[in-house]
Amino acid sequence: MKSHLRLPFNMTFSQLVMAGLGFTPIFCLSLSIFGAIPLHMSLRFVIPVVAASQIVLGRRNPELGRRLIFGLLAGMIATGVYDLLRLYIALLGVWGDFIPNIGNRALHSDSVSPIWGYCWRYLLNGGCLGMAFSVLPLRGIRQGIAYGTFVCSCLFATLLFAPGAQDALFHLTWTTGAGAMVGHWIYGATLGGILLLWCPEPAMAGRKFRAEEDAEPDLELESDKEVRSYEQVYLVR
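Residues numbered from 1 in each chain as written. Predicted model: local features only at pLDDT ≥ 70, side-chain atom pairs only at ≥ 80, totals over all residues. Heavy atoms only, no water.

Engineer: Even after reading the chapter, I still don't get helix α6 (residues 114–135), so can you show me in this structure?
Structural biologist: Compared with an ideal rise of 1.5 Å per residue, which puts 22 residues at 32 Å, α6 spans 31 Å between its outermost C-alpha atoms and is within 8% of the ideal. At Gly127, α6 shows its maximal kink, close to 30°. The element α6 is extensively covered by neighbouring structure, given that 16 of its 22 residues are classed as buried. (Helix = DSSP H or I, 4+ residues; strand = E, 2+ residues; numbered from the N terminus. Expected span 1.5 Å × (residues − 1). Bend = angle between axes of the 7 residues up to and from the residue. Buried < 20%, exposed > 50% of the residue type's maximum accessible area, 1.4 Å probe, protein only.)

Engineer: For this particular structure, what's the right way to read the packing of helix α7 (residues 141–161) against helix α9 (residues 174–198)?
Structural biologist: Working note: a packed helix pair is described by the angle between its axes plus the distance between those axes. Across the interface, α7 lies against α9 with an axial gap of 7 Å and an inter-helix angle of 140°. Considering the relative orientation of α7 and α9, their crossing is right-handed. Residues Ile141, Gly144, Ile145, Tyr147, Gly148, Thr149, Val151, Cys152, Leu155 and Phe156 of α7 lie in contact with α9, whose contacting residues are Gly177, Ala180, Met181, His184, Trp185, Gly188, Ala189, Leu191, Gly192 and Gly193. Residue composition of the contact of α7 with α9, grouped by class: twelve nonpolar, eight polar and no charged. (Axes fitted to C-alpha atoms, helices over the stretch in contact; angles between N-to-C directions. Left-handed = near helix turned anticlockwise from the far one by under 90°. Contact = heavy atoms within 4.5 Å. Nonpolar A, V, L, I, M, F, W, Y, C, P; charged D, E, K, R; others polar.)

Engineer: Is there a simple way to explain the pattern of salt bridges in this structure?
Structural biologist: A side chain with one charge may pair with a side chain of the opposite charge, provided their charged atoms come close. Scanning the entire structure with this criterion turns up five salt bridges. A salt bridge links Arg66 to Glu63; the shortest N-O distance between them is 3.0 Å. Of the two residues, Arg66 and Glu63 both sit in helix α4 (residues 62–91), three residues apart, roughly one turn of that helix. Residue Glu63 is classed as buried on the basis of its relative accessible area, which comes to 14%. Overlapping salt bridges, with partners in common, bring together Asp83, Arg86, Asp97 and Arg121 in one network. (Salt bridge = Lys/Arg side-chain N within 4 Å of Asp/Glu carboxyl O.)

Engineer: I keep staring at the nonpolar core and nothing clicks. Help me out?
Structural biologist: Core analysis: the largest hydrophobic core is formed by 48 residues, its most contacted members being Leu39, Trp95, Trp120, Tyr147, Phe170, Ala180 and Leu191. For this core, the secondary-structure elements that each account for two or more residues are α1 (13–33), α3 (47–60), α4, α5 (99–107), α6, α7 and α9. Counting residues per element, this core draws most heavily on α6, at nine residues. Apart from residues lying up to four places away in sequence, Trp95 is in contact with Tyr82, Arg86, Ile89, Ala90, Phe170, Thr176, Gly179 and Ala180. (Core = buried A, V, L, I, M, F, W, Y, C linked by side-chain atoms within 4.5 Å.)

Engineer: Would you explain the environment of Val151 in this entry?
Structural biologist: Mapped onto the elements of the fold, Val151 is located in helix α7. A relative accessible area of 8% means that Val151 is categorised as buried. A C-alpha to C-alpha distance of 9.5 Å links Val151 and Ile26, two positions 125 residues apart in sequence.

Limitation: the analysis is restricted to geometry and does not speak to function.
Right, here's the structure in full:
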């Protein structure tokens, strides 16, 4: 009989690892703002390991791999919807556009194109957070909003406690704080809604594993029935 390491909330160990890998890029960004690890070092040494690990885990479990792809796409779309609000507020002059600074950190230069900052934002922040959400036992708009609230709370913690964070990203005021929270609600609601359409059942891998485990005793019972049937025929003869 096969055994699988199972965790609370109907999760498997693979799901937990994939979700953790999805949070890694935004964690690397936070570490760079705290001054722990420069972002260009994370881009060179950490992000390739994250990408390779997700590919390997996805190939080992095609169902979770399919969800990772859906989560990546949904996260990037949700980031675009969020940016409709953020860029509108930026055009009003209330909230500066800090995304290009992320590209400067990632490429360790002050003269890189703003496109690189947006590549990090869409692919490694929004997309990877979408991958994490897709393999967690979460789905739907309400849970997506709760997910966005959690992510935004981590952003607020970085802004409040990391030295120079508000100079590197944006100054936390009632206006920018409300904009960030509403934006993350939009991101989470969009992400949860899209994945509800694309893969409605959360944590399907866990149920699949359990189904396989439950099927094995049935196979053994069928085998026992065949043996008993042969024994009965032999005894009758």
